[in-house]
Amino acid sequence: MLSTSPAFKENAHKAIADVGLQKALTRTKPHFQGRRAKAVEALPEFERLREIGRDIKNHTLANLDFYLETWAGNVERAGGQVHWCATADDARAAVLGICERVGAKTVTKGKSMISEELGINEHLEQHGITPVETDLGEYILQLRREPPSHIIAPAFHLNREDWEESFRRAHTDLPADRVFRERRDILTEARAKLRARFLAADVGITGANFLIAETGSSVIVTNEGNGDLTQTLPRVHIVLASIEKMVPTLEDATNMLRLLARSATGQDFSVYTTFSTGVRREGDLDGPEEYHVILLDNGRSAMLGTEFQDMLRCIRCAACMNHCPVYGVVGGHAYGWVYPGPMGAVLTPTLIGIDQAGNLPNASTFCGKCESVCPVKIPLPKMMRHWREREFERHLTPGAVRTNLALWGFVARRPGLYRLATRIGAGVLGWLGRRRGRLSRFPFAGGWTAGRDLPTPEGETFFARYASEQRGKRGRA
Amino acid sequence: MSAEASPPGRPPGRVAILGAIRRHLRRGALPEDQAAMLRARLAAHPRHLIPARSRLSRAGQVALFIANVEKEFGSVARLADARAVPGAIADYLAQQNLPSEIVMAPHPELREIPWAERPLLKLRAGRAEASDLVSLQQGFAAIAETGTLMLPAAPERPTTVNLLADTALVLLRASRIVGAYEEAWDLLRAERRDPLTGGFMPRNVMLVTGPSRSADIEQTLELGAHGPRRLHILLLDDDEAARATPESVPK
Ligand code: SF4
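Calculation rules
Residues numbered from 1 in each chain as written. Chains lettered and ligands numbered in written order. Predicted model: local features only at pLDDT ≥ 70, side-chain atom pairs only at ≥ 80, totals over all residues. Heavy atoms only, no water. Helix = DSSP H or I, 4+ residues; strand = E, 2+ residues; numbered from the N terminus. Buried < 20%, exposed > 50% of the residue type's maximum accessible area, 1.4 Å probe, protein only. Contact = heavy atoms within 4.5 Å. Areas by Shrake-Rupley, 256 points an atom, 1.4 Å probe, with all protein chains shown as cover. Lys, Arg positive; Asp, Glu negative; His and termini not counted. Charge placed at Lys NZ, Arg CZ, Asp CG, Glu CD. Buried area = accessible area lost by both parts, 1.4 Å probe. Salt bridge = Lys/Arg side-chain N within 4 Å of Asp/Glu carboxyl O. Polar contact = N/O pair within 3.5 Å; in protein donor to acceptor, adjacent residues only side chain to side chain. Axes fitted to C-alpha atoms, helices over the stretch in contact; angles between N-to-C directions. Parallel < 35°, antiparallel > 145°, perpendicular 65-115°, else oblique. Left-handed = near helix turned anticlockwise from the far one by under 90°. Nonpolar A, V, L, I, M, F, W, Y, C, P; charged D, E, K, R; others polar. Near = heavy atom within 4 Å. Core = buried A, V, L, I, M, F, W, Y, C linked by side-chain atoms within 4.5 Å. Pairing = 2+ DSSP bridges. Expected span 1.5 Å × (residues − 1). Phe/Tyr/Trp six-rings, centres within 6.5 Å; stacked < 30°, edge-to-face > 60°. Lys NZ or Arg CZ within 6 Å of the ring centre and 35° of its normal.

Asker: Could you clarify how one ought to interpret the overall build of chain B in this entry?
Answerer: Across its full length, chain B carries seven helices and 13 strands. Based on the C-alpha atoms only, the size of chain B along its principal axes is roughly 70 × 45 × 45 Å. Per-residue burial over chain B gives 57% buried out of 251 residues. In chain B, once contacts between residues fewer than 6 apart in sequence are set aside, the share between residues at least 24 apart is 70%. As presented, chain B carries roughly 10,300 Å² of accessible surface, and 55% of it is formed by carbon and sulfur atoms. Looking at chain B, you have 32 positive and 29 negative side-chain charges, and the mean spots of the two groups are 7 Å apart.

Asker: Sorry if this is basic, but what is going on with the overall build of chain A here?
Answerer: Looking only at helices and strands, chain A features 22 helices and 12 strands. Intrachain contacts of chain A at a sequence separation of at least 6 include 72% that bridge at least 24 residues. When the accessible surface of chain A is split by element, carbon and sulfur atoms take 54% of a total near 18,300 Å².

Asker: What's the story with the interface of chain B and chain A in this structure? I'm lost.
Answerer: The figure often quoted for interface size is the accessible area lost as the parts come together. With 91 residues of chain B at the contact, the number on the chain A side is 108 residues. Where chain B abuts chain A, roughly 8,500 Å² becomes buried across the two surfaces, and 57% of that area is made up of carbon and sulfur atoms. If you look at where chain B meets chain A, you find 16 salt bridges. Notably, a salt bridge pairs Asp65 of chain A with Arg22 of chain B, separated by 2.8 Å at the nearest N-O pair. One can count 43 residue pairs in polar contact (both at pLDDT 80 or more) joining chain B with chain A. At the level of secondary structure, the elements contributing two or more residues to the side of chain B that touches chain A comprise strand 1 (3–4), helix 1 (13–24), helix 2 (32–44), helix 6 (160–163), helix 7 (181–191), strand 10 (204–208), strand 11 (213–214) and strand 12 (222–223) of chain B.

Asker: I keep staring at the packing of helix 12 (residues 250–264) of chain A against helix 7 of chain B and nothing clicks. Help me out?
Answerer: Packed helix pairs are characterised by how far apart their axes lie and by the angle those axes make with each other. Between helix 12 of chain A and helix 7 of chain B, the least distance of the axes is 10 Å, while the angle of their chain directions is 150°. Viewed along their axes, helix 12 of chain A and helix 7 of chain B adopt a mutual orientation that is roughly antiparallel. In this structure, helix 12 of chain A meets helix 7 of chain B at a crossing whose hand is right-handed. Only Tyr181, Glu182, Trp185, Asp186 and Arg189 of chain B of helix 7 of chain B make contact with helix 12 of chain A, whose side of the interface consists of Leu250, Glu251, Thr254 and Arg258 of chain A. Class assignment of the residues belonging to the contact of helix 12 of chain A with helix 7 of chain B gives a composition of three nonpolar, one polar and five charged.

Asker: Just checking my understanding: could you explain the site of the ligand for this structure?
Answerer: As a matter of local geometry, the ligand sits amid 13 residues, with Cys314, Cys317, Ala318, Cys320 and Cys374 of chain A nearest to it. Considering only residue class, the shell around the ligand consists of 12 nonpolar, no polar and one charged.

Asker: What is the right way to read the packing of helix 9 (residues 160–170) of chain A against helix 10 (residues 183–200) of chain A from this model?
Answerer: All names here are of chain A. Two elements in contact, helix 9 and helix 10, have axes whose closest approach is 11 Å; the angle formed by their N-to-C orientations is 35°. The hand of the helix 9/helix 10 crossing is left-handed. Each of Arg160, Trp163, Glu164 and Phe167 in helix 9 lies in contact with helix 10, whose residues at this interface are Arg183, Ile186, Glu189 and Ala190. Class assignment for the residues of the contact of helix 9 with helix 10 results in four nonpolar, no polar and four charged.

Asker: Would you mind showing me how to read unusual backbone geometry here?
Answerer: With phi around 50°, Asn298 of chain A is a residue other than glycine that occupies positive phi space. Classification of Asn298 of chain A as buried rests on a relative accessible area of 17%. At His45 of chain B, a position not held by glycine, the phi torsion is positive, near 30°.

Asker: In this structure, what is going on with the nonpolar core? I would like to understand it.
Answerer: Soluble globular proteins tend to pack their nonpolar side chains together in the buried interior. Core analysis: the largest hydrophobic core is formed by 134 residues, its most contacted members being Trp71, Ile238, Phe275, Met311, Val330 and Tyr339 of chain A together with Trp185 of chain B. Discounting residues that sit within four places of it in the chain, Tyr339 of chain A has contacts with Met113, Ile114, Glu117, Ile151, Arg300, Arg316, Gly344, Leu347, Thr348 and Leu351 of chain A. Residues Ile140 and Phe198 of chain A together with Ala128 and Met206 of chain B belong to the second largest nonpolar core, which totals 46 residues.

Asker: Teacher, can you tell me more about the pattern of salt bridges here?
Answerer: A side chain with one charge may pair with a side chain of the opposite charge, provided their charged atoms come close. What the rule picks out here adds up to 54 salt bridges over all chains. With a shortest N-O distance of 2.8 Å, Asp65 of chain A and Arg27 of chain B are connected by a salt bridge. On the criterion of chain membership, the pair formed by Asp65 of chain A in helix 4 (residues 64–77) and Arg27 of chain B in the loop between helix 1 and helix 2 is interchain, its members lying in two chains. The exposure class of Asp65 of chain A is buried, given its relative accessible area of 1%. With a relative accessible area of 24%, Arg27 of chain B lands in the partly exposed category. Arg144 of chain A is the partner of Glu146 of chain A in a salt bridge, and the nearest nitrogen-oxygen pair spans 2.9 Å. Among the residues examined, Arg144 of chain A registers a relative accessible area of 22% and is labelled partly exposed.

Asker: It is not clear to me how the sheet that holds strand 13 (residues 230–236) of chain B should be interpreted in this structure. Could you clarify?
Answerer: Strand pairing in a sheet takes place through backbone hydrogen bonds and is either antiparallel or parallel in direction. All names here are of chain B. The six strands lie next to each other as 2-13-8-5-3-4, forming an open sheet whose pairing is parallel. Looking at which strands have only one partner, the edges of the open sheet turn out to be strand 2 (75–79) and strand 4 (122–125). Averaged over neighbouring strand pairs, the angle between their axes works out to 25° when direction is ignored. Inspection of the sheet shows strand 3 (residues 101–104) paired to strand 4 by four bridges, in the parallel sense. Following the sheet pairing, Val103 is matched in strand 4 by Arg124. Across the sheet, helix 3 (residues 58–71) is in contact with strand 2, strand 8 (167–173) and strand 13; its angle to strand 2 comes to roughly 145°. Running at roughly 155° to strand 13, helix 4 (residues 85–95) makes contact with strand 2, strand 3, strand 5 (134–138), strand 8 and strand 13 of the sheet.

Asker: Even after reading the chapter, I still don't get helix 12 of chain A, so can you show me in this structure?
Answerer: Since one α-helical turn is 3.6 residues long, residues separated by three or four positions face the same way. Residues and elements named next belong to chain A. Here helix 12 is 15 residues long and its end C-alpha atoms lie 21 Å apart, about the 21 Å a rise of 1.5 Å per residue gives. Most of helix 12 sits out of view: 15 of its 15 residues are buried. Positive backbone phi, at 80°, marks Gly266, one or two positions downstream of helix 12.

Asker: What exactly am I supposed to notice about the environment of Ala90 of chain B here?
Answerer: Residue and element names in this part refer to chain B. Of note, Ala90 is situated in helix 4. Note on Ala90: relative accessible area 17%, which makes it buried. Sequence spacing of Ala90 and Glu32 is 58 residues, and the spatial spacing of their C-alpha atoms is 62 Å. Among residues more than four places away in sequence, those in contact with Ala90 are Arg118 and Leu121.

Asker: How do you make sense of the packing of aromatic side chains when you look at a structure like this?
Answerer: Tallying each qualifying case throughout the model produces 10 aromatic pairs over all chains. Between Phe66 of chain A and Tyr67 of chain A the ring centres are 5.3 Å apart and the planes differ by 80°, which places this aromatic pair in the edge-to-face class. Assigned by exposure class, Phe66 of chain A and Tyr67 of chain A land together as buried. Look at Tyr327 of chain A and Tyr335 of chain A: their rings are 6.2 Å apart centre to centre, the planes differ by 25°, and that puts the pair in the stacked class. Judged on exposure class, the residue Tyr327 of chain A and its partner Tyr335 of chain A are both buried. One aromatic cluster is present, built from ring pairs that chain together Phe8, Phe156, Tyr327 and Tyr335 of chain A. Across from the ring centre of Phe140 of chain B, 4.9 Å away, lies the NZ or CZ of Arg176 of chain B, which sits over that ring.

Shown next as structure tokens:
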């Protein structure tokens, strides 16, 4: 996928002015945050499970070569093939090679962020193979030729009108004057359209939430069942997985699964959690005859042994973006590449380069909310600071930012001073904006306040106010 | 057997990736004693913390399972024994206004049900096709913790039966309901041998919690996305202890 990350600032301006997007953001935020909070509250062991999840991932990363080799051996024992792909080019070539060898015309696809990272759809299309996204959100994005704006709710930015309009435009074989009375009618139409695609596909491509060394399995987690149809009906199943998806055993995977759905959608468990291990066995009446895993590195191994190693624990739950005040205002597209929000701000520069994505680590208020909800306790704000420091050292930052950042760094490294400074700042701002509760201008931040008013802090720091708002919300839920 | 993506002039992918990992971890391949420790961990596959919520009496676990299935929009009918199954299915289908044609997994437990007592039910044993409206699967085990069915693929338990019909019926014995996922994995480890690998893991294991759904349209939940819209579990009370009065179940 081509990146527009260097234009983060302009992207963000556009996003703030986008009425449809702002409507979607307002609708979505309470949904995700409220449900996660409820699910976590219902499981008293959650905090301890997070610590265990962090430790499992750390153990796996420290021994990643061993576990990858063990896993690959078990995949092969079950009749599968592992394609070790160091780069995105290698991975695209491997996928295309399999599709061409089996003479594939259409390929169905489950949701996969790695697929977005690799630009698989474009690559297949260029070679005359038709990819069909089957996750409902991905399907409409494919019709509209838009990238996802969220890693688990890829089309959250669309409103009902957008769905109806796209379906009318794409499904021209259906009566043009049909009425979509409810959301259910949209779903029913998509289900019927995609059923035919599932049955016709020659190859099914899915992602993987986890790889399990002990059994040589790949795991997908969905609510729709599209991933399962994608990997069950065609003759060939291709899994796209990056090296950090590894966990050692089923018990380790189970701990991660107790964290994943709760952090992502606030469900206790997703509807379908499916473990795939190799090819159709003798006597089986269904399932693929070929099972391939495209094992992708693409810059991840280079994060080991650096201050960004912890990022490889990420299980792509999206909790950090669902709770991020910046994401909550600009949405996902503004980040300009596959991975948005706090996890994207850390990951994108490592994958496509700091010169491309140097703006992203600045897209943070350093409120710390992302780290506090991350199921594997990734210190996201600290890593964003590392990027800022690196960028600073490389002198990529404009002069004014550099001075302010140095000052901010001086204060931030001294917690007492930082708290004092923010308290004074909050008090001053509260006073300035007292009359209407909003500041339309703020010294040194013209770019920010031109697009929106800065809400005044009403005499409290962010932390204090956030804590009291959260208490209020829980009371209402 | 392993396919290597190796453009000319660069080491094969496997060597490149493993080499890069070791270089960045600042070590070579693991020394034998450390590798042996990791192999021992894999062999022992230690359990981690298991949430206390499923630590209940047998009756409590069954009640928790049912409560969780219903919370996730599934339904459960408790039946005294297999003889009650045909009638329960006929009633359910009539209630939901559904046709009485069913594709059934070719599992011995399902074949042994006295179907002849309900001649109006039309059964076909085999894998499911896209045109099937109602399916009947055999449940290998179930997990009370979240109301989850464990459905491992086998010749007698095809995966398509879990997925293609609009209404999915599953026959489950109460004695096969366990508290936590870990206990269900142990059943699989103990009872299943894979013909291809000699291990226990079948080609596919589905953990199913409620009927298929999507919230992609305006974050509003709709049931029946690509998989079944209804999930109805026929629960056979074959477990004496599970018939006692359960302690109160946390919702
Ligand atoms: S960084 Fe943490 S919170 Fe964000 S997606 Fe990854 S695991 Fe989830």
